[in-house]
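Here are the chains, one letter per residue:
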Amino acid sequence: MIELYGFATPNSVKVPIALEEMGLSYVLKPVNIRQGGQKTADFLALNPNGKVPVLVDGALALSESAAILVHLAEKTGRLLPRDGADRARVFEQLFFHASALGPAFGNAGFFKRLATEPQPLAEARFTTEANRVLDRLDALLGERRFVAGDDFTIADIAHFGWLWRREFPGMTLDGRPNLVRWFDAVAARPAVRHAIARVEALVPQAA
Ligand SMILES: N[C@@H](CCC(=O)N[C@@H](CS)C(=O)NCC(=O)O)C(=O)O
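The structure reproduced in this document is the subject of the present report.

The rules behind each value
Residues numbered from 1 in each chain as written. Predicted model: local features only at pLDDT ≥ 70, side-chain atom pairs only at ≥ 80, totals over all residues. Heavy atoms only, no water. Pairing = 2+ DSSP bridges. Helix = DSSP H or I, 4+ residues; strand = E, 2+ residues; numbered from the N terminus. Axes fitted to C-alpha atoms, helices over the stretch in contact; angles between N-to-C directions. Contact = heavy atoms within 4.5 Å. Parallel < 35°, antiparallel > 145°, perpendicular 65-115°, else oblique. Left-handed = near helix turned anticlockwise from the far one by under 90°. Nonpolar A, V, L, I, M, F, W, Y, C, P; charged D, E, K, R; others polar. Salt bridge = Lys/Arg side-chain N within 4 Å of Asp/Glu carboxyl O. Buried < 20%, exposed > 50% of the residue type's maximum accessible area, 1.4 Å probe, protein only. Phe/Tyr/Trp six-rings, centres within 6.5 Å; stacked < 30°, edge-to-face > 60°. Lys NZ or Arg CZ within 6 Å of the ring centre and 35° of its normal. Polar contact = N/O pair within 3.5 Å; in protein donor to acceptor, adjacent residues only side chain to side chain. Right-handed = clockwise from strand over helix to strand, strands pointing away. Near = heavy atom within 4 Å. Areas by Shrake-Rupley, 256 points an atom, 1.4 Å probe, with all protein chains shown as cover.

### Structural notes on the sheet that holds strand β1 (residues 2–6)
Strand pairing in a sheet takes place through backbone hydrogen bonds and is either antiparallel or parallel in direction. The sheet built from four strands is open, its strands ordered β2-β1-β3-β4 with mixed pairing. In this open sheet, the two strands that pair with only one neighbour each are β2 (26–30) and β4 (60–63). For this sheet, the mean inter-axis angle between neighbouring strands, taken without regard to orientation, is 20°. Two strands pair when backbone bridges link them, and β1 and strand β3 (residues 54–57) are joined in this way by three bridges, in the antiparallel orientation. Within β3, the residue paired with E3 across the bridge is V56. Contacts from helix α1 (residues 14–21) reach β1, β2 and β3, with the element oriented near 155° to β1.

Given below as structure tokens:
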């Protein structure tokens, strides 16, 4: 049985969404990153980089959400075109996510919410970059139904993870109608709703 180590986080949620979309059974293993679960010896033995998500599929323990999405797509033959330009467009968006959207959102959120002292230049830099990336995606979705073309792919799952958690970096979809149309369509998919419910159930409720 596939095991997924994760929490209700932007990078973790991508994996159960893919598993649900692909009809794969899995066990969800909570790693509470608010309590340092990602730095325990047991977890570091799985992922020495100390971050979620981690997928365990037989003998393979795999980190990095984009690599996990590709692994699952290749295992099932789903949500990733087999070859040609359509496949290249999916990788273009996966790399755009991993090198641009993810770091901009993560760092904007850190400097807005978690930095122990104000860092206005860093906050402005990452907020500007996050907004620029969102504007780029809104323009792209004016030309395409999904981020890599006409069909829903693992690239949509990658972008959705951080857009689902956009409050953390203080981002909004306001004034970006194509992005709103896309976000609502992805959020309404039964597999997406089920995956979100499963990761949200991992978060302990305050008494
Ligand atoms: N590039 C990695 C990023 C993973 C990542 O930053 N995970 C966050 C949660 S979304 C985490 O584990 N944070 C805890 C920490 O950095 O200590 C991926 O896409 O999987």
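There is more to say after this.
### Re the packing of α1 against helix α6 (residues 154–164)
The geometry of α1 relative to α6 is characterised by a closest axis approach of 9 Å and an angle of 140° between their N-to-C directions. Of the possible angle classes, the one that applies to α1 and α6 is oblique. As α1 runs across α6, the sense of the crossing is right-handed. Contact with α1, carried on its side by K14, I17 and A18, involves I157, A158, F160 and G161 of α6 and no other residues of that element. Residues that form the contact of α1 with α6 fall into these classes: five nonpolar, one polar and one charged.

### Some details on the pattern of salt bridges
Per the counting criterion, the structure on display carries seven salt bridges. A salt bridge links E92 to R89; its shortest N-O distance comes to 2.8 Å. Here E92 pairs with R89, and both are found in helix α4 (residues 84–114), just three residues apart, close to one helical turn. For E92, a relative accessible area of 39% puts it in the partly exposed group. By relative accessible area, which is 38% here, R89 ends up partly exposed.

### Here we look at the packing of aromatic side chains
Summed over the entire model, instances satisfying the criterion amount to eight aromatic pairs. Relative to F183, the ring of F160 lies with its centre 4.9 Å away and its plane at 20°, an arrangement referred to as stacked. Remark: F183 occurs in helix α7 (residues 177–187) and F160 occurs in helix α6; sequence separation between them is 23 residues. Looking at F160, the relative accessible area reads 1%, which means it is buried. Pairwise contacts between aromatic rings join F105, W162 and F168 into one cluster. If you follow R166 out to its NZ or CZ, it ends over the ring of F183, 4.7 Å from the centre.

### What to know about the environment of R166
Topologically, R166 is positioned in the loop between α6 and α7. Here R166 falls in the buried class, since its relative accessible area comes to 17%. Considering only alpha carbons, one finds R166 and F105, 61 residues apart in sequence, at a separation of 7.5 Å. Among residues more than four places away in sequence, those in contact with R166 are F105, M171, T172, L173 and F183. In terms of polar contacts, R166 uses its side chain to reach the backbone carbonyl oxygen of L163, at 2.8 Å.

### Observations concerning the pairing of β1
Here β1 lies mainly inside the structure; four of its five residues are buried. With five bridges joining them, β1 and β2 adopt parallel strand pairing. Bridged to G6 within β2 is P30. Note that the unit made of β1, α1 and β2 has a crossover that is right-handed.

### Regarding the site of the ligand
The ligand sits among T9, P10, N11, I33, Q38, K39, K51, V52, P53, E64 and S65. Separating a nitrogen atom of the ligand from a side-chain N or O atom of E64 is a distance of 2.7 Å. Surface burial for the ligand is 75%, taken as the share of its 510 Å² of free accessible area covered by protein chains. Considered class by class, the residues forming the shell around the ligand number four nonpolar, four polar and three charged.

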